[in-house]
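Chain residues, written in single-letter form:
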Amino acid sequence: VIDKFFVIFSLRGSPPKAKLTVGVSLHDVLPIYHPIMALIFDFDGTLANTLDLILDLYNEHITRQFSCKVFDKSKIEEFRMRRPASFLRDFGVTPLKLPFIIFRVRKLMKEHITEAQLFAGMKEVLHILHEDRVKMGIVTSNSVENVELFLNHYQLTPYFSFIRSSKSLTSK
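Now for a quick tour of the structure. Model, not experiment: these values are computed from the prediction. The residue count restarts for each chain, going from 1 along the sequence in the order it is written. Reporting in this predicted model follows two pLDDT cut-offs: at least 70 for local features of residues, and 80 or more for side-chain atom pairs to be given and counted; totals over whole chains, interfaces and linings ignore these cut-offs and use all residues. Side-chain calculation: all heavy atoms of the structure are included, whereas hydrogens and water are not.

Secondary structure elements are defined from DSSP: runs of H or I of at least 4 residues count as helices, runs of E of at least 2 residues count as strands, and each element is numbered from the N terminus. Each helix and strand in the chain was counted, giving seven helices and seven strands. Traced from its N-terminal end to its C-terminal end, the chain shows the element sequence β-β-α-β-β-α-α-α-α-β-α-β-α-β. Counting every position in the chain, which comprises 172 residues, the buried fraction comes to 37%. Contacts spanning at least 24 positions in sequence make up 67% of the contacts within the chain whose residues lie at least 6 apart. The classification of residues rests on relative accessible area computed with a 1.4 Å probe and restricted to protein chains. Under 20% of the type maximum is buried, over 50% is exposed, and intermediate values are partly exposed. Contacts between residues were defined by any pair of non-hydrogen atoms, one from each residue, lying within 4.5 Å.

Within the open sheet, the three strands sit side by side as S3-S6-S7. Their pairing is parallel. The open sheet is flanked by strand S3 (39-42) and strand S7 (162-165), the only strands paired with a single partner. Each neighbouring strand pair of the sheet contributes to a mean axis angle of 25 degrees, computed without reference to strand direction. Packed onto the sheet, helix H6 (residues 122-131) meets S3 and strand S6 (136-140) and runs at close to 160 degrees relative to S3. Sitting on the sheet, helix H7 (residues 144-153) is in contact with S6 and S7, with an inclination near 145 degrees to S7. Paired strands are those between which DSSP finds at least two bridges. Interaxial angle, 0 to 180 degrees, is taken between N-to-C directions of lines fitted to C-alpha atoms, where a helix line uses only the stretch in contact.

A separate point is the pairing of S7. In this sheet, S7 lies alongside S6 in parallel orientation, the contact comprising four bridges. Each bridged residue has a counterpart across the sheet, and for Val139 the counterpart in S7 is Arg164. Regarding the hand of the β-α-β motif, the stretch spanning S6, H7 and S7 is right-handed. Note on handedness: a crossover is taken as right-handed if, strands pointing away from the viewer, the path from the first strand over the helix to the second is clockwise.

Turning to the pairing of S3, a few remarks are in order. Moving residue by residue along a regular strand, the side chains alternate between the two faces of the sheet. Across the two faces of S3 the burial differs, with Leu39 and Phe41 buried and Ile40 and Asp42 not buried at all. Note that S3 and S6 share four bridges and pair parallel. The partner of Asp42 across the bridge, within S6, is Val139.

Okay, H7 next. Residues of H7 that are buried include every one of Asn146, Val147, Phe150 and Leu151, and no others. Considered in projection along H7, the buried side chains sweep an arc of 130 degrees and stay on one side of the axis. Here the buried face of H7 lies against strand S4 (48-49), helix H5 (98-112), strand S5 (117-118), S6 and S7. In the stretch just after H7, Gln155 is the one whose phi turns positive, near 55 degrees. Read the arc as the range of directions from the helix axis to the C-beta atoms.

Below, the discussion takes up unusual backbone geometry. One non-glycine residue, Ser67, adopts positive backbone phi at about 55 degrees. Relative to the helices and strands, Ser67 is located in the loop between helix H2 (50-66) and helix H3 (76-81).

Here the focus is the nonpolar core. We define a nonpolar core as any set of buried Ala, Val, Leu, Ile, Met, Phe, Trp, Tyr and Cys residues linked to one another through side-chain atoms lying within 4.5 Å. If you look at the biggest cluster of nonpolar residues, it comprises 39 residues, and the most contacted ones within it are Phe41, Leu126, Met136, Phe150 and Phe160. Of the residues forming this core, the biggest block, six residues, is contributed by H2.

Now for the packing of aromatic side chains. The criterion for an aromatic pair is that two Phe, Tyr or Trp rings (for Trp, the six-membered ring) have centres within 6.5 Å, with stacked assigned to planes under 30 degrees apart, edge-to-face to planes over 60 apart and tilted to the rest. Tallied over the full model, the rule gives eight aromatic pairs. Judged by centre distance (6.1 Å) and plane angle (85 degrees), the rings of Phe41 and Phe160 are edge-to-face. Here Phe41, found in strand S3, pairs with Phe160, found in the loop between H7 and S7; they are 119 residues apart in sequence, far enough to count as distant. Ring centres of Phe71 and Phe87 lie 5.8 Å apart, and the angle between their planes is 70 degrees; on these two criteria the pair is classed as edge-to-face. Here Phe71 is found in the loop between H2 and H3, whereas its partner Phe87 is found in helix H4 (residues 84-90), with 16 residues between them in sequence. You'll find Phe71 and Phe87 in the same group, each marked buried. Through successive ring pairs, a cluster of aromatic residues spans Phe71, Phe79, Phe87 and Phe91.

If you check which residues of H6 are buried, you get Met122, Val125, Leu126, Ile128 and Leu129. Buried residues in H6, looked at end-on, bunch into an arc of 160 degrees, giving them a common side. Residue Arg133 follows H6 closely and has a positive phi angle near 60 degrees.

Printed below as a string of structure tokens:
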């Protein structure tokens, strides 16, 4: 699983990839003249599988509370290919309902964030990077509080030097 993790670094416009494997120091695979200052991770979809949690919360709570259609998780690839406006329309999420749904989902996420799964192999990758003294941080559109709850739950807090959040819905 760890062998699927790639560290991307830029070298004069040509981004080569360095494969990180167990027993190999990050600094052994990167050129000495190009040290890593920090690795910045996105939270949702990189460290935490929050999509499954959001879909579960949507199906369990939002559909009933806001009279929306249930989302079939087996159609996730179809969902990824669609424009948000058509998806929302097809599921009964009107522009009037949307801000209330977002508010409710954010509240539910705070209550259930520790139910989100850490992606397989990620804890081992973070441990290797931490052992190599690589400074790591998180930039996310999720709340800092949710990220901290998740990191504490998985005992990952010591690995990260900083967490920055943008509350904007369109920040990504």
